[in-house]
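Here is how the chains run, residue by residue.
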Amino acid sequence: SDSARLVLPRVRLVAMGVLLSRPSSRALLALLAAAWAADALRRRSRRKALEDASGDSTASKAQAQQFRHTSSGSAGADGNHRGGFGGRAGASSSSSSGSRAAAAGSRGGFGATTIAGAFSGLPPGAPPMPSRPVPGAPGASAGIGGPTGSGRTSQEILAQPSRPPPRTSPEGVPPPPSRPPPSLSASSNNSALVGGFALAAATGKAEGVELWICLDFEWTCDEDMGQGRQVYSDEGEIIEFSFVVYDSAAKKMVCQGQHYCKNMRTPITDFCTNLTGISDETLKDAGSLKDALDAFNRAMEEVGADRRVCCAMAHGSSDLELVLPANCKAEGLIVPRVLQRYVDLRESTQSHLASKGAAGSGVRASSLKQICDALNVEMIGEEHCGLDDSWMVLLATQALLEQGAELRYVDLEAEQKAFGDPSSREHELCFDGLPYFCIGTEMRPWVEQHTGLSVSMQALSIVVGLDGKPSGRAVVDFGSPSAAQEAFRKMGGGRRLVCGSLDTWPFEHPKERHIVVRPLRWQESSLGRRGPGDIRPGPAMAPFPVNAAELEVLRRGRRPRAEAPIDLASGCEGSVKVFHEEKNYGFIAFQGGKLETFFHRNHCQESLRIKEGLLVTFDIVNDSRSHKMRADNVRACAAPAAA
């Protein structure tokens, strides 16, 4: 009403007069005004710094054109070599925003315009255009400027393997892969960080990060658990050291590197070549791990990492907590300080999905592909190609930041010091990297063997993931801080664990893993604990499954089905109901199809040709490991049997 409009201003004036009549109120208003002015000045200074660093849009376009036409003297010689994401050339290489090297003429893919500016013309959300040319087609050895590939349609561009060729010179630099530049939005709050590292805590929120160092290593490996195994999991040598650095303030990729390292102590196995694409020929002219670290350190100097807030990002803990420290120790090298502070992409993704209510949804964000699928990020390139995986780590990081995920870093050096401090009260350790089928009767004696300490089954807990299944992590309570510190000293740097059996899921030969042993972090300490028989979705900590039967409850998310009892017997007759050729196991139906029992090829007559419907004679025994009945001495039936 008109009267209200006349009265309200007078009431506000009277209230303001009363407020200003008090000295404390006047002082408070003065402080608020000063804080507002300081904040405005800080935001103006930061905006000016960003403008000076990145330049205006015209300067950016000019930089993109200059970046597009820059070339290296050694790249042209490798222009026809096979490569991916622009046909990368050079076995050991790096590039930075200050010195772009990698000619468009040296790669069979898009020119650097794809990174610097070509994708600005694509519609929002559109996937990047393929970066591999048709073999032998025009442009196969020259840069194809622009996203359309000189007028060629997407049907004309065929996918080629993204394995880089052998290095031809120590200074060879590959062109950047054809990824669109991510847009990372980091918080400007870096009051707890100085020079990129935490002041007091070993872990915390990764806020105010300006440089994200996304990396991936490949190392020598093998899979045979017999006498023919050539490389064990704790012997792996780094053979590819790759990284991509993104400047979240300048909104551009500023540095990347792909460095092959010559293996000196272990061979390149067929399994390793099939997995990574790296062969002895690839490493013929490769440098050493020292060369790769020197190149990495130079690249960090060029982007000013020592003056900015940096954080590494890796998929899992193995790269930075096991493989790199072990390789540096073996060769007398020092792990770069900037790589001792990192965020685990796997843990960050799982925690983010849990916070969004994904528990019980069946989502399993463990492998890099699973993580990208969960975050709706398109996989590009070849898995286990280090540079391709580094880019996928970066794009997944971008997705987490865009979705407002809370990323937490760990400072490995600070963590070790804090855990070993006499005043520490921590009495538990985390074991990361366990096979999903590990059971307590394998885990407990392994821990006792390497620590010399007695551990009860009640001291073992398993971390279950979003789907309620084992996540590959376990927690062991050693009872006291001194015992936990002793165990950490003896198992720090990881230990090799062998577990599994042909008689239980997944019915394969025993597998070995190199297990990370570390203090508990926020992702474990924040979990609730479940009691025995609790099969609700995770993430949570649950009692460690003692045997295969308890593991089955966790794995299937339900209690075992009620089954008809099967007694020990010999000379039983039945028929093969189902047989999995690739896994070498199946089930035999007998007693008119009322009962079934498990069998494995190892328990069959050597000459038996197994197929579904085959009539067999067998014995029923109690498996000593799984404590379940199974068939043994399976052989062809001499006479027809009633199945």
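Residues numbered from 1 in each chain as written. Predicted model: local features only at pLDDT ≥ 70, side-chain atom pairs only at ≥ 80, totals over all residues. Heavy atoms only, no water.

**Details of the overall build of the protein**
(1) Moving on: Helix and strand counts for the protein stand at 15 helices and 21 strands.
(2) Moving on: Per-residue burial for the protein yields a buried fraction of 49% across its 643 residues.
(3) Moving on: Of the contacts made within the protein by residues no fewer than 6 positions apart, 73% connect residues no fewer than 24 positions apart.
(4) Moving on: Summed over all atoms, the accessible surface of the protein reaches about 30,200 Å², with 52% contributed by carbon and sulfur. (Helix = DSSP H or I, 4+ residues; strand = E, 2+ residues; numbered from the N terminus. Buried < 20%, exposed > 50% of the residue type's maximum accessible area, 1.4 Å probe, protein only. Contact = heavy atoms within 4.5 Å. Areas by Shrake-Rupley, 256 points an atom, 1.4 Å probe, with all protein chains shown as cover.)

**Notes on helix α8 (residues 345–355)**
(1) Moving on: Of the positions making up α8, those classed as buried are Leu345, Glu347, Ser348, Thr349, Gln350, His352 and Leu353.
(2) Moving on: Those residues of α8 that are buried are in contact with β8 (310–314), β9 (341–344), α9 (368–374), α10 (386–402), β13 (470–477) and α14 (522–525).
(3) Moving on: Here α8 starts with a cap whose side-chain oxygen sits 2.9 Å from the backbone nitrogen of Arg346, and that cap is Asp344.
(4) Moving on: Where α8 ends, the next residue or the one after it, Gly357, has phi of about 85 degrees, a positive value. (Polar contact = N/O pair within 3.5 Å; in protein donor to acceptor, adjacent residues only side chain to side chain.)

**A look at the packing of aromatic side chains**
(1) Moving on: With the rule as written, the count across this model stands at 10 aromatic pairs.
(2) Moving on: Residues Phe241 and Phe296 carry aromatic rings whose centres are separated by 5.8 Å and whose planes lie at 65 degrees to one another, so their mutual orientation is edge-to-face. Of this pair, Phe241 sits in strand β6 (residues 238–247) while Phe296 sits in helix α6 (residues 289–302); the two residues are 55 residues apart in sequence, bridging distant segments of the chain.
(3) Moving on: Taking relative accessible area as the criterion, Phe241 reaches 1% and is therefore assigned buried.
(4) Moving on: Among the residues examined, Phe296 registers a relative accessible area of 0% and is labelled buried. (Phe/Tyr/Trp six-rings, centres within 6.5 Å; stacked < 30°, edge-to-face > 60°.)

**Some words on the confidence of the model for the protein**
(1) Moving on: A residue-level look at the protein finds 64% of positions with pLDDT of 70 or above and a mean pLDDT of 73.
(2) Moving on: Across residues 53–200 the pLDDT falls below 50, and counting only partners more than four positions away or on other chains, this stretch makes 320 contacts in the model.
(3) Moving on: Considering only residues more than four positions removed or in separate chains, one finds that residues 559–564, a stretch of pLDDT under 50, has five contacts. (pLDDT = per-residue confidence, 0-100.)

**Comments concerning the environment of Arg529**
(1) Moving on: Mapped onto the fold, Arg529 is located in the loop between α14 and β16 (540–543).
(2) Moving on: Judged by its relative accessible area of 48%, Arg529 is partly exposed.
(3) Moving on: Those residues in contact with Arg529 that lie beyond four places of it in its chain are Glu428, Ser461 and Met541.
(4) Moving on: Of note is the side chain of Arg529, whose polar atom sits 2.9 Å from the side chain of Glu428.
(5) Moving on: One polar contact links Arg529 to Ser461, side chain to side chain, over a distance of 3.4 Å.

**Considering the sheet that holds strand β12 (residues 460–464)**
Sheet strands associate in pairs through backbone hydrogen bonding, adopting either a parallel or an antiparallel arrangement.
(1) Moving on: Pairing is antiparallel across the open sheet formed by six strands, whose spatial order is β14-β15-β11-β13-β12-β16. The outermost strands of the open sheet, each flanked by one partner alone, are β14 (495–499) and β16. Direction aside, the axes of adjacent strands within the sheet are offset by 35 degrees on average.
(2) Moving on: Judged from the four bridges that link them, strand β11 (residues 428–432) and strand β15 (residues 511–519) form a sheet pairing that is antiparallel. What sits directly across from Cys430, in β15, is Arg518. (Pairing = 2+ DSSP bridges. Axes fitted to C-alpha atoms, helices over the stretch in contact; angles between N-to-C directions.)

**Re the packing of α8 against α10**
(1) Moving on: In contact at an axis separation of 11 Å, α8 and α10 are set at 30 degrees when each is read in the N-to-C sense. Classified by the angle between their axes, α8 and α10 sit roughly parallel to one another. Classified by chirality, the crossing of α10 by α8 is left-handed. Residues Leu345, Ser348, Thr349 and His352 of α8 form the contact with α10, whose own contacting residues are Val393, Ala396, Thr397 and Leu400. (Parallel < 35°, antiparallel > 145°, perpendicular 65-115°, else oblique. Left-handed = near helix turned anticlockwise from the far one by under 90°.)

**Regarding the environment of Asp623**
(1) Moving on: Along the chain, the position of Asp623 falls in the loop between β20 (615–622) and β21 (629–636).
(2) Moving on: On the accessibility criterion, Asp623 (3% relative accessible area) is buried.
(3) Moving on: In the structure, Asp623 is positioned 120 residues away from Asp503 in sequence and 7.8 Å away in space, judged by C-alpha atoms.
(4) Moving on: With residues up to four places along the chain from it excluded, the contact list for Asp623 reads Asp503, Lys628 and Arg630.

**Let's talk about the pattern of salt bridges**
(1) Moving on: Scanning all chains against the criterion turns up 27 salt bridges.
(2) Moving on: A salt bridge links Arg229 to Glu512; the shortest N-O distance between them is 2.8 Å. One end of the pair, Arg229, is in the loop between β5 (211–219) and β6; the other, Glu512, is in strand β15, with 283 residues separating them in the sequence. Assigned by exposure class, Arg229 and Glu512 land together as buried.
(3) Moving on: Notably, a salt bridge pairs Glu486 with Lys490, separated by 3.1 Å at the nearest N-O pair. (Salt bridge = Lys/Arg side-chain N within 4 Å of Asp/Glu carboxyl O.)

**Re the pairing of β8**
(1) Moving on: Of all five residues making up β8, five are buried, and the element is well covered by its neighbours.
(2) Moving on: Burial along β8 is two-sided: the face carrying Cys310, Ala312 and Ala314 and the face carrying Cys311 and Met313 are both buried.
(3) Moving on: Strand direction decides the pairing type here: β8 and β9, joined by three bridges, are parallel. Bridging from a neighbouring strand, Met313 pairs with Val343 of β9.
(4) Moving on: Each parallel crossover has a hand, and the one from β8 via helix α7 (residues 318–330) to β9 is right-handed. (Right-handed = clockwise from strand over helix to strand, strands pointing away.)

**Brief notes about the side chain of Glu237**
(1) Moving on: Among the secondary structure elements, Glu237 is positioned in the loop between β5 and β6.
(2) Moving on: Here Met264 takes part through its backbone nitrogen, which lies 2.8 Å from a polar atom of the side chain of Glu237.
(3) Moving on: Leaving out residues up to four positions away in the same chain, Glu237 has contacts with Glu218, Trp219, Thr220, Lys262, Asn263, Met264, Arg265, Thr266 and Asn327.

**So, the packing of helix α12 (residues 440–451) against helix α13 (residues 481–491)**
(1) Moving on: Closest axis-to-axis distance for the α12/α13 pair is 9 Å, and the angle between their directions is 85 degrees. The angle between α12 and α13 falls in the class roughly perpendicular. In contact with Trp446, His450 and Thr451 of α12, α13 contributes Glu486, Ala487, Lys490 and Met491.
(2) Moving on: Across the contact of α12 with α13, the residue classes break down as three nonpolar, two polar and two charged. (Nonpolar A, V, L, I, M, F, W, Y, C, P; charged D, E, K, R; others polar.)

**Some words on the environment of Leu615**
(1) Moving on: Relative to the assigned elements, Leu615 resides in strand β20.
(2) Moving on: Taking C-alpha positions, Leu615 is 4.4 Å from Ser575, a pair spaced 40 residues apart along the chain.

**Considerations on helix α11 (residues 412–420)**
Side chains three or four residues apart in an α-helix point the same way, a direct result of the helix having 3.6 residues per turn.
(1) Moving on: Three or more residues of α11 are buried, namely Leu412, Glu415 and Phe419. For α11, the angular spread of buried residues about the axis comes to 60 degrees, placing them on one side.
(2) Moving on: Those residues of α11 that are buried lie in contact with α7, β9, β10 (408–411), β11, α13 and β15.
(3) Moving on: One side-chain oxygen at the N-terminal end of α11 lies 3.3 Å from the backbone nitrogen of Glu413; it belongs to Asp411. (Arc of directions from axis to C-beta.)

**Some details on unusual backbone geometry**
(1) Moving on: Its identity is not glycine, yet Asn376 carries a phi of approximately 60 degrees, on the positive side.
(2) Moving on: Positionally, Asn376 belongs in the loop between α9 and α10.
(3) Moving on: Given a relative accessible area of 72%, Asn376 falls into the exposed group.

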